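Chains, contacts and geometry: an overview
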Amino acid sequence: MKKLAIILPDLRGGGAERLAVYLANHWAARGHTIEFVLMRKEGELLSLVSPAIQVVGFEARRIRGVAFPLVKYLKRNKPDVIWAGMWPLTSAAVISWLAAGRPGKIFLMDHNQLSVSCRRELKISLCPLKALMRITYPFATGVMAVSRGVADDIRRLGNFSKDRVKVIYNPAATGISSKREPPEVRTRLWGAGFSHHILTVGSLKTQKNHELLIRAFVKIPPSLNAKLTILGEGELRPVLAKLIDGLDMQDRVSLPGFAIDPYPWFRSADLFVLSSSWEGLSNVIIEALECGLPVVSTDCPSGPAEILESGRYGKLVPVGNADALAEAMLSSLNEKHDRQALINRAKDFSVEKIAEEYLDYFRECGVKV
């Protein structure tokens, strides 16, 4: 392919944005011309984009503000491949692509359980979601999902056949070193005097259900001398901070904010926990596995069970059950783990492997790569 345009809202520190940067940098390093086309040219991950990649921003605050600029961009630049992510931008991209005369081939990627996130976060009913998907998605060259669970969700919403939605997992394993951080790094990040270090990474929003994790952590015996770090930023920070204060856990639960490089935290932790109510895939579980870190996760739709192979590579507990989550955390802290087996599992989600799966799919759909 001569030119690939990746269309996203922005490059904030989310999992979908991070995977796009990994893919773009990988393809650019191998000679492909890549451009990011963003509603807004902003976000922490802009600093990670290769200098070889052009970043175009429309400064559009709403979806309706991106349609006309995107039509102009597509007519002028005529990319061979258009990769659009994150509904409703996916549907908007199809409309702009049609208005521009269908330059190149367009692929849509969804990263989340839309049937849940639209109701819980966007506060819209499923009727407009279904209608817009059924109108726009059939025009796309290809439709992709980051997990089997997300693919099933898309098929139900759009009334698509099974072979219409291609599952391609996230390229979340970057080849980072799994070597444990020295004691001085752990002390700098976590503070001194703790026997166990429990980590979670994710935006402070409803989906991640950090309140559940905090309430589960409180149930762990104080004699274990454990600390919980919630790495991320978001609109629920005041709510979580108030909960931590109310439980008098300020010394044992930390909210240090977003980290552009979370790997020192992974490599200095003893356990990774995901407490989400729903997911698309969950890149952070893969990142934890790549660092040899044992994982406890809610068995939420969808992704964790697929990554952990239904419990083979980590513990799964029911969604919303603080007692079960606390019990699994306690059990995991007291067990020995095969770090190498966890690291090997993460390799199934390597950037190199997943990037090639994308190219293979593009070829299947008639793109000359």
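A brief structural summary.

Turning our eyes to something else, we now look at the pairing of strand 9 (residues 226–231). Remember that side chains alternate between the two faces of the sheet whenever the strand is regular. Of all the six residues making up strand 9, six are buried; the element is thus mostly covered by neighbouring parts of the structure. The alternating pattern of strand 9 places A226, L228 and I230 on one face and K227, T229 and L231 on the opposite face, and all of these are buried. Bridge analysis of strand 8 (residues 196–201) against strand 9 gives six bridges, and the strand direction is parallel. Among the inter-strand pairings, T200 is bridged to a residue of strand 9, identified as I230. Regarding topology, helix 8 (residues 210–218) serves as the crossover connection from strand 8 to the parallel strand 9, and that connection is right-handed.

This next bit is on the side chain of T136. Turning to its location among the elements, T136 is positioned in helix 5 (residues 126–136). A polar atom in the side chain of T136 sits 2.7 Å from the backbone oxygen of L132. Discounting residues that sit within four places of it in the chain, T136 has contacts with S91, V94 and I95.

On to helix 15 (residues 351–364). Given 3.6 residues to a turn, an α-helix orients residues that are three or four positions apart in the same direction. For helix 15, with 14 residues, the first-to-last C-alpha span of 20 Å sits near the 20 Å given by 1.5 Å per residue. Against strand 1 (3–8), helix 1 (15–29), strand 4 (81–85), strand 5 (105–110), strand 6 (142–145) and strand 7 (165–167) lie the buried residues of helix 15. Trailing helix 15 by a residue or two, G366 shows a phi angle of about 95 degrees, which is positive.

With that out of the way, let us pick up the environment of E290. Looking at the secondary structure, you find E290 in helix 11 (residues 283–290). Among the residues examined, E290 registers a relative accessible area of 7% and is labelled buried. Considered as a pair, E290 and V218 are 72 residues apart in the sequence and their alpha carbons are 28 Å apart. Every residue in contact with E290, bar those within four places of it in the chain, is listed here: A172, A173, T174, G175, I176, S178, Y263, I343 and A346. A polar contact is formed between the side chain of E290 and the backbone nitrogen of T174, at a distance of 3.1 Å.

So, about the sheet that holds strand 4. Strand order in the open sheet formed by seven strands is 3-2-1-4-5-6-7, with parallel pairing between adjacent strands. In the strand order of this sheet, the two ends are held by strand 3 (54–57) and strand 7, each with one partner. Across this sheet, the average inter-strand angle for adjacent strands is 25 degrees, counted without regard to direction. Pairing between strand 5 and strand 6: four bridges, direction parallel. Each residue of the ladder has a partner; that of D110, found in strand 6, is A145. Across the sheet, helix 1 is in contact with strand 1, strand 2 (33–38) and strand 4; its angle to strand 2 comes to roughly 155 degrees. Along the sheet face, helix 15 touches strand 1, strand 4, strand 5, strand 6 and strand 7 and points at about 155 degrees away from the line of strand 6.

In this section: the pattern of salt bridges. Counting across every chain of the model gives 21 salt bridges. Of the charged contacts in the structure, one is a salt bridge between E279 and K208, with a shortest N-O distance of 2.7 Å. Taken as a pair, E279 in the loop between strand 11 (271–274) and helix 11 and K208 in the loop between strand 8 and helix 8 lie far apart in primary sequence, 71 residues in all. By relative accessible area, E279 is classed as buried at 5%. When its relative accessible area of 14% is taken as the criterion, K208 is described as buried. One salt bridge in this structure joins R215 and E211, with 3.2 Å as the shortest N-O distance. Taken together, the residues span about one helical turn, with R215 and E211 both in helix 8 at a distance of four residues. Residue R215 is classed as partly exposed on the basis of its relative accessible area, which comes to 38%. Taken together, the salt bridges that share partners define one network made up of D10, R12, R40, E42 and R61.

About the criteria used
Residues numbered from 1 in each chain as written. Predicted model: local features only at pLDDT ≥ 70, side-chain atom pairs only at ≥ 80, totals over all residues. Heavy atoms only, no water. Buried < 20%, exposed > 50% of the residue type's maximum accessible area, 1.4 Å probe, protein only. Helix = DSSP H or I, 4+ residues; strand = E, 2+ residues; numbered from the N terminus. Pairing = 2+ DSSP bridges. Right-handed = clockwise from strand over helix to strand, strands pointing away. Polar contact = N/O pair within 3.5 Å; in protein donor to acceptor, adjacent residues only side chain to side chain. Contact = heavy atoms within 4.5 Å. Expected span 1.5 Å × (residues − 1). Axes fitted to C-alpha atoms, helices over the stretch in contact; angles between N-to-C directions. Salt bridge = Lys/Arg side-chain N within 4 Å of Asp/Glu carboxyl O.

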